[in-house]
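# Survey of secondary and tertiary structure
Read off the chains here:
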Amino acid sequence: MALDLLIRNGTVVDGSGLPRYRADVGIMNGRIVEIGRIHTPAARTIDADGMIVAPGFIDGHTHMDAQIAWDPIGSCSCWHGVTTVLMGNCGFALAPCKPGDREWFARCLEAVEDIPTEAMLAGIDWNWETFPEYLANVERLPKAMNYGAYIGHSALRMYAMGSRALDETANEDDLKVMGAAVREALQAGAVGFSTSRASTHITPDGSPVASRIADWTEIDYLAGQMADLNAGVFQIGPDVTSGPAQRVFLDRLQKVALDCGRPVMFGTISTRQGAEPNHWQYQLDFIDDTVAKGGRMFGQTTTKSINAVFSFKSYLPFDKLPGWQDVRALSLAEQKQRLRDPDVRRQLVAAEAEMKPRGDEFQGGGAATTNPLKPDYGNLFVMQGVDWNDPTVAELSAKGGQNPVETMIDLVLENEDQIFVQPLVNETPDDVLGMLNHPLTLATFSDSGAHVCQEMGSSLQTHMLSYWVRDKEAFTLEQAVRMLTFDNASAWEMPDRGLIRTGYAADIVIFDEAGIKPCLPTVEEDLPGGARRLVQKAEGIQATIVNGQVAFENGDSTGDFPGQVIKGPLASRA
C-alpha cells in the first residue's frame, strides 16, 4: 500500500536529544509508519536533502483563544515551525461564559492581553456557554495547527459568581459550581486549569482580575479536582511584584503542588523591576526544592527578552502626552510632515520632559504602552536585525549630539517602519541562558496570540535555533530541538507527539539549519475590523506538516487545515 507522504533524504533530529542521522520518513493516515531507507511508493514525496527533519514545535503559552475563531492558519506561530499550541493560559479564557457576559469577557482580554474587543466581537461566532461547548466549537473550526485549552479561573469565577467574582470570596455553593465545571472541562478534554496572581493582570477599570480575588482555599479546592481525577496541568501567572511577595507566593504554590500531585507550571523570569526583585536563580532553586520534596513543577521561560515594541504605526511611549496626542491622531503622512517642523519638535521634546521617570514599579504585559513611564533610552533599542545586537536610542542620540526624542523622530522620518524595542523582563542574554539551561524550564512562553500590537514573542522557536544554536553555540541543535518538542510534549503529557518515532503523530518541521531565523516584525492591519497587530514571519523553513498533511510550504499556507484538538489524558482514556 502506498504511503500518503514520504520525506526523503533528510537529516533527522528526532526530538530525543540523541545525535542526528540520515533517514527517510514515511507517513500514512496522519502517523509516522516508517523511518529508514524507504522503498514504499508514496502519493507525494518531499526531497529534504540538506534539510533538518524534526518534530513540530510545541508552544504551551499562546492565548490564542479568540484568534482561532478568525485565523485558521494560526499566525504568527505557524510561521515558526509550531504545530501545537495551548491556550486559556493565566486564567483568561472565553469559556465558560454566559451570553450576557461576552462583551465583558472580551474587554477583560483586551485589558490584560491587548486583544482588541472590536476584533473579538467582529470575528467570533460566539455559539457556546460551557467549556465543553467551546472545545467542540474549536474542533469544528478549520485550523492548520493543533490546539489544546485550559479552563481559565477568571472566566470560571465570573461564570459561577457574576459580578461578585470581582470583589468577593467564593462561598460553598460557588465552589461547588466551579469544581463541577473544572471536572466537566477535564472530562471533555481540557489540558488543565489555569489561574493568575500577577499584579499586572487587571480589568478595564484597573481592578484585579477575578482570579486574583480568590483566596488560596479556593485554589486548593479547584486544584483538588484535578487531583481527584488524576488529570490536568495547573498553570499560574505568578506574583512578581517584589521579593517578599514573590517568596510568599512561591511558598504557597509549593503546597498546591505537593497536595494535588499534578504538574504545576509558572512563568520564570528575570527582572530588575520591583522593590526587591528576586534573582531568577531563586525561582529555579524553588523548583528544585519542590521536586526534591516530591512535587512536579516546571518553569515556563522564553528564549529572549520580553519586550514592549514601539513604532509610529502602532504605539509610542509618548502617545498620551499633551501635544503628542494631536500629532498621533493624524495620518502617518501628516505626522511625518508635522515632525519636520522645528517648532512642533521643540513642543514634543518639552512634553516628553514632563513624563514621570520609572521608579521601582513593575511593568509587564502591555503596561509599557497603556501606562507609560519615561523611557530608559539606554534600554530602548533601535531594531535593525534579530540578532540581539541593536544600538540603543541613548547611544545614537549621544553620537548625534541630540535629544533622544529627536533621534527617534529622525529615525522614523528615515524609515516609517522603524521598530523600537524596550526589554521589560529577561533583559539580558546571560539571564535567559541561565534559565534555559535548567532541566525543568520549558522554552514555551510566546504569548503569540496576545499583546498583539505591544509585544512580539511568537518567534521564540526560530530565535532559539538561529541565536542560541547557530550564532552563540550555547546548545547543540539536538538539545534545542528537544527543548522545543519532546520536553514540552512530556510536560503536558502528550504521549504521541514531540518525537519522530513510528506510531507517533506526523507533526514535522523541515528546515535549513544554516538559514532558519525570524524576520523583522511589521505592523499590519489584518485583524477583524482592520485592527492593528505586529506580524513576524521566518526564513529557512521548507515545510510544516501537521497530522501527516503539508500545512505550510516555504512560509505559505497550502490551504489545508489538518489541525486537531489536543485533549488531556482524561478525555483520551474515555
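Here we summarise the structure given alongside this text. It should be emphasised that the depicted structure is a prediction, and the values quoted were computed from it without experimental measurement. (Residues numbered from 1 in each chain as written. Predicted model: local features only at pLDDT ≥ 70, side-chain atom pairs only at ≥ 80, totals over all residues. Heavy atoms only, no water.)

## Notes on the overall build of the chain
Across its full length, the chain holds 20 helices and 24 strands. Its C-alpha atoms give the chain a radius of gyration of 23 Å, within 12% of the compact-globule value 25 Å for 574 residues. With respect to the principal axes defined by its C-alpha atoms, the chain has extents near 75 × 60 × 45 Å. Looking at the 574 residues of the chain, the share that counts as buried comes to 61%. Accessible surface, the chain: about 20,700 Å² in total, of which carbon and sulfur atoms supply 48%. Charged side chains in the chain number 48 positive and 76 negative. The centres of these two groups are separated by 2 Å. (Helix = DSSP H or I, 4+ residues; strand = E, 2+ residues; numbered from the N terminus. Rg over C-alpha atoms; globule rule 2.2 N^0.38 Å. Buried < 20%, exposed > 50% of the residue type's maximum accessible area, 1.4 Å probe, protein only. Areas by Shrake-Rupley, 256 points an atom, 1.4 Å probe, with all protein chains shown as cover. Lys, Arg positive; Asp, Glu negative; His and termini not counted. Charge placed at Lys NZ, Arg CZ, Asp CG, Glu CD.)

## Considering the packing of helix α5 (residues 172-188) against helix α7 (residues 216-229)
For the pair α5 and α7, the least separation of the axes is 10 Å and the interaxial angle reads 35°. Crossing hand, α5 versus α7: right-handed. Judged by residue contacts, Leu-175, Lys-176, Met-178, Gly-179, Val-182, Arg-183, Leu-186 and Gln-187 of α5 engage Glu-218, Tyr-221, Leu-222, Gln-225, Met-226, Asp-228 and Leu-229 from α7. Its residues assigned to classes, the contact of α5 with α7 comprises eight nonpolar, three polar and four charged. (Axes fitted to C-alpha atoms, helices over the stretch in contact; angles between N-to-C directions. Left-handed = near helix turned anticlockwise from the far one by under 90°. Contact = heavy atoms within 4.5 Å. Nonpolar A, V, L, I, M, F, W, Y, C, P; charged D, E, K, R; others polar.)

## Some remarks on the nonpolar core
For soluble globular proteins, nonpolar side chains are generally found buried alongside one another. One finds Phe-234, Leu-253, Leu-465, Trp-492 and Phe-511 to be the most contacted residues of the largest nonpolar core, which totals 128 residues. The residues contacting Leu-253, other than those within four sequence positions of it, are Trp-216, Phe-234, Ile-236, Val-264, Phe-266, Phe-286 and Met-297. Ranked by size, the runner-up nonpolar core spans 27 residues in total, among them Leu-316, Val-327, Leu-348 and Ala-351. (Core = buried A, V, L, I, M, F, W, Y, C linked by side-chain atoms within 4.5 Å.)

## Notes on the environment of Leu-156
One can find Leu-156 in helix α4 (residues 153-161). Owing to a relative accessible area of 0%, Leu-156 belongs among the buried residues under this scheme. Sequence spacing of Leu-156 and Ala-93 is 63 residues, and the spatial spacing of their C-alpha atoms is 8.5 Å. Setting aside its immediate chain neighbours within four residues, Leu-156 contacts Pro-96, Ile-151, Met-178, Ala-181, Val-182, Phe-193 and Leu-222.

## Here's the deal with the state of the cysteines
A full pass over the atoms with the stated rule returns zero disulfides. Between Cys-76, a free cysteine, and Cys-78, which holds the nearest cysteine sulfur, the sulfur-to-sulfur gap is 7.3 Å. No disulfide involves Cys-108; its nearest neighbouring cysteine sulfur is the one of Cys-97, lying 10 Å away. (Disulfide = S-S within 2.5 Å.)

## Some details on the sheet that holds strand β14 (residues 381-383)
Pairing between the strands of a sheet is mediated by backbone hydrogen bonds and can be parallel or antiparallel. What the three strands build is an open sheet, ordered β13-β15-β14; its pairing is antiparallel. Each having just a single partner strand, β13 (306-310) and β14 make up the two edges of the open sheet. Within this sheet the neighbouring strands show an average axis-to-axis angle of 40°, counted without direction. Pairing of β14 with strand β15 (residues 419-425) involves three bridges; the strand directions are antiparallel. Directly across from Val-382, in β15, lies its bridge partner Phe-420. (Pairing = 2+ DSSP bridges.)

## Examining the pattern of salt bridges
On inspection of all chains with the given rule, the structure shows 33 salt bridges. Between Glu-493 and Arg-262 there is a salt bridge, with its nearest N and O atoms 2.9 Å apart. Residue Glu-493 is located in the loop between α19 (486-491) and β17 (508-511), and its partner Arg-262 is located in the loop between α8 (243-260) and β11 (264-267); the two are separated by 231 residues in the primary sequence. Here Arg-470 makes a salt bridge to Asp-471, at a shortest N to O gap of 4.0 Å. Several salt bridges converge on common partners, so that one network encompasses Arg-31, Asp-496, Arg-497 and Asp-507. (Salt bridge = Lys/Arg side-chain N within 4 Å of Asp/Glu carboxyl O.)

## Brief notes about α4
Burial runs high along α4: nine of the nine residues are buried. Taken together, the buried residues of α4 touch α1 (102-113), β8 (146-152), α5, β9 (192-196), α6 (210-213) and α7. Just downstream of α4, Gly-162 is the residue with a positive phi angle, here 65°.

## Concerning the pairing of β11
Because side chains alternate across β11, one face comprises the buried residues Val-264 and Phe-266, and the other comprises Met-265 and Gly-267, equally buried. Bridging between strand β10 (residues 233-237) and β11 involves three bridges; their strand directions are parallel. Across the sheet, the residue bridging to Ile-236 is Phe-266, located in β11. Strand direction decides the pairing type here: β11 and strand β12 (residues 297-301), joined by four bridges, are parallel. Bridging across to β12, Phe-266 finds its partner in Gly-299.

## Thoughts on the sheet that holds strand β7 (residues 82-87)
Here eight strands make up an open sheet; going across it, the order is β6-β7-β8-β9-β10-β11-β12-β16 and the pairing parallel. This sheet does not close on itself; its edge strands, each paired only once, are β6 (57-59) and β16 (441-443). The mean inter-strand angle of the sheet, taken between neighbouring strand axes irrespective of direction, is 25°. Sheet strands touched by helix α9 (residues 280-292): β11, β12 and β16. Its angle to β12, the strand with the most contacts, is close to 155°.

## Quick notes on the side chain of Arg-497
Summarising the element assignment, Arg-497 is placed in the loop between α19 and β17. Residue classification places Arg-497 among the buried residues on the basis of a relative accessible area of 6%. A polar contact of 3.1 Å, which involves the side chain of Arg-497, links it to the side chain of Asn-547. Excluding its chain neighbours within four sequence positions, the residues that come into contact with Arg-497 are Thr-84, Asn-146, Ala-489, Tyr-504, Ala-505, Asp-507, Asn-547, Gln-564 and Ile-566. (Polar contact = N/O pair within 3.5 Å; in protein donor to acceptor, adjacent residues only side chain to side chain.)

## Thoughts on the packing of α4 against α7
Look at α4 against α7: their axes get within 13 Å of each other, and the N-to-C directions meet at 100°. Taken together, α4 and α7 sit at an angle that is classed as roughly perpendicular. Contact with α4, carried on its side by His-153, Leu-156 and Arg-157, involves Glu-218, Ile-219 and Leu-222 of α7 and no other residues of that element. (Parallel < 35°, antiparallel > 145°, perpendicular 65-115°, else oblique.)

## Focus: unusual backbone geometry
A cis amide bond, omega 10°, links Ser-75 with the succeeding residue Cys-76. Considering the arrangement of structural elements, one finds Cys-76 in the loop between β6 and β7. The omega angle of the peptide bond from Ala-95 to Pro-96 is 0°, so this bond is cis rather than trans. By secondary structure assignment, the location of Pro-96 is in the loop between β7 and α1. Non-glycine residue His-63 carries a positive phi angle of around 55°. Mapped onto the elements, His-63 comes out in the loop between β6 and β7. On the basis of relative accessibility, which here comes to 2%, the residue His-63 falls in the buried class. Although it is not a glycine, Asn-426 sits at a positive phi angle of roughly 55°.

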